[in-house]
Amino acid sequence: MIESLLVANRGEIARRIIRTGRRLGIRTIAVHSEADAALPFVTEADEAVCVGPANPAQSYRNVEAILDAARSTGAQAIHPGYGFLSENADFARTVEGAGLIWVGPGADAISAMGDKINARNLMAAAGVPVAPGTTEPASDLDAAVAAAAEIGYPVMVKAAAGGGGMGMGVAADEAALRTEYDKVRAFAERMFGDGSVLIERYFPRVRHVEVQILGLADGRVVALGERECSVQRRNQKLVEESPSPAVSPELRERFLAAAVRAGEAVNYRNAGTVECLLDPSTQEFFFLEMNTRLQVEHPVTEYVYGVDLVEEQLRVASGLAPTFDPNALTPRGHAIELRINAEDPKRFMPGPGAITTWNEPSGTGVRVDSGYVAGNTVTPFYDSLMAKLILTGATREEAVERARAAVAQFEIVGPKCNLPFFAELLENPEFLSGDYDTGIVSRMR
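Bear in mind that the values here come from a model prediction, so they are computed numbers and not experimental data. Going along each chain's sequence as written, the residues are numbered from 1 onward. Where totals are concerned, whole chains, interfaces and linings use all residues; where local detail is concerned, this predicted model gives features only for residues with pLDDT of at least 70, and gives and counts side-chain atom pairs only at 80 or more. Water and hydrogen atoms were dropped before computing side-chain values, which therefore reflect all heavy atoms in the structure.

Describing the packing of aromatic side chains
Okay, step 1: Here a pair means two rings of Phe, Tyr or Trp (six-membered ring of Trp) with centres within 6.5 Å. Their orientation is stacked below 30 degrees between planes, edge-to-face above 60, and tilted elsewhere. Per the stated rule, a full pass over the model turns up 12 aromatic pairs.
Okay, step 2: Considering the side-chain rings of Phe 91 and Trp 102, the 5.5 Å spacing of their centres and the 85 degrees angle between planes classify their relative orientation as edge-to-face. Here the residue Phe 91 occupies a position in helix H4 (residues 89-97), and Trp 102 occupies one in strand S5 (residues 101-102), the gap between them amounting to 11 residues.
Okay, step 3: Feature note: the residues Tyr 60, Phe 84, Phe 381 and Tyr 382 constitute an aromatic cluster, connected by ring pairs.
Okay, step 4: A ring is scored as having a charge over it whenever the NZ atom of a lysine or the CZ atom of an arginine sits within 6 Å of its centre and within 35 degrees of its normal. We note Arg 332 situated over the ring of Tyr 303; from NZ or CZ to the ring centre the distance is 4.8 Å.
Okay, step 5: A cation sits over an aromatic face here: Arg 396 above Phe 431, 4.8 Å from the ring centre. A run of DSSP states H or I qualifies as a helix once it reaches four residues; a run of E qualifies as a strand once it reaches two. Both are numbered from the N-terminal end.

Here it is, written out as structure tokens:
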């Protein structure tokens, strides 16, 4: 097993990785920006190194500073968490080129899945269902218009190098497409340094369902069930649950088999997620993208399958067998995760600020993965996620009831907070029925 681990991330995911490292007897090293010096993950690690000012480009995305921290502390491995450099193939290659262990998939798999058009084509060749769409970038507006006419409106306009719900727009007709194409292309060039755009069929009523995969050290790829991620704002997730209320045993088998084929197509190792769109009217699903890293919502899978995914990541990176029997994976119970963000609960706009009160809920079936405590400040430099509230139960109904109680108990004063939104959602008949889609939040607003 790895003996020393540098966590190249911050906040709740850094604390989460450090917690498993401590349990396994691994020496952990935190890197942090000047703005994050007072956050809990910094003191909870065995060592901590400041890698630059608040600007992520000068700290959490500063490759040389992170490698210098690894060298100066004698780190054996680097875990990137999610976001920042986690899906940067060049960083993965640089880490391994420096003689360190990369706790994640190989750089070739990251590259293959990082380009959405290339990923679509690879998945289609592997027999994974893909939605109707372009097989190469729409080189200009005329090409986009021609592709949309062939696919049929409405269409989704997507940044080929995008991810995390960013760089996307919907066009119901040619006039809208002309506007969205220019908008998405400009955004993609600014955010990803790549203005390539793809056109896909847009499904007005669709569910977002993803499958957790794990590429083992012996070369096998296994699937650890699915997660429902349809409660979203601006194409970004707010709630995840497992198992999905929309997935029957027969559909689950098809989902998991397709996800395994997706992983095998790129010789996948370590943790990853195959994201799909599910048409509830036909029970057809289509490949959306593969996230080549640990997901924010991994805790719901951990509960349902009884595994510590960070430990499994570390075991794969160390060349060790998993703690579980890949041939005897059996789900149990239900889990729901709520993303507690520093944002307005109505318009979902960021609302950073100093935290004067922070009281977390506790009790049976309640887990809180948080990045802050009272006295900390949520700054505007990073993602607005403050904590993840994970509720579990023998049934979905029990998990929902525990979620209601936990949301009522969670007290955060200072920054804006979306807890009131969750209180509303947990009483929403559509959500409670389990028969909801990605439009649920817009219908609530």
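Here's the deal with empty space enclosed by the protein
Okay, step 1: Any residue with an atom within 4 Å of a point lines the site, the site being either a cavity, points on a 1 Å grid over the protein atoms alone where a 1.4 Å probe fits but cannot get out, or a pocket, an open set with protein on both sides within 12 Å along at least 5 of 7 lines. Grid points are joined across faces, edges and corners, and a volume is the space filled by probe spheres set on the points. The final tally for this structure, using the stated rule, is 1 cavity of 30 Å³ or more.
Okay, step 2: The calculated volume of the largest cavity comes to roughly 40 Å³.
Okay, step 3: If you trace the largest cavity, you find it lined by His 79, Pro 80, Gly 81, Ser 86, Trp 102, Val 103, Gly 104, Pro 105, Thr 292, Arg 293, Leu 294 and Gln 313.
Okay, step 4: Split into classes, the residues belonging to the lining of the largest cavity amount to 5 nonpolar, 6 polar and 1 charged. Charged residues are taken to be Asp, Glu, Lys and Arg, nonpolar residues to be Ala, Val, Leu, Ile, Met, Phe, Trp, Tyr, Cys and Pro, and polar residues to be all remaining types, Gly included.

A word on helix H9 (residues 249-265)
Okay, step 1: With 17 residues, H9 should reach 24 Å at 1.5 Å per residue; the first-to-last C-alpha distance of 24 Å fits that figure.
Okay, step 2: When a residue's accessible area, from a 1.4 Å probe over protein chains only, is under 20% of the maximum for its type it is buried; when over 50% it is exposed; and in between it is partly exposed. Of the residues making up H9, those classed as buried are Leu 251, Arg 252, Phe 255, Leu 256, Ala 258, Ala 259, Val 260, Ala 262 and Gly 263.
Okay, step 3: In this fold, the buried residues of H9 make contact with helix H6 (116-125), strand S9 (207-215), strand S10 (221-233), strand S12 (270-279) and strand S13 (284-291). How far a helix is expected to stretch is found by multiplying one less than its residue total by 1.5 Å. A contact between two residues is defined here by any heavy atoms of the two lying within 4.5 Å.

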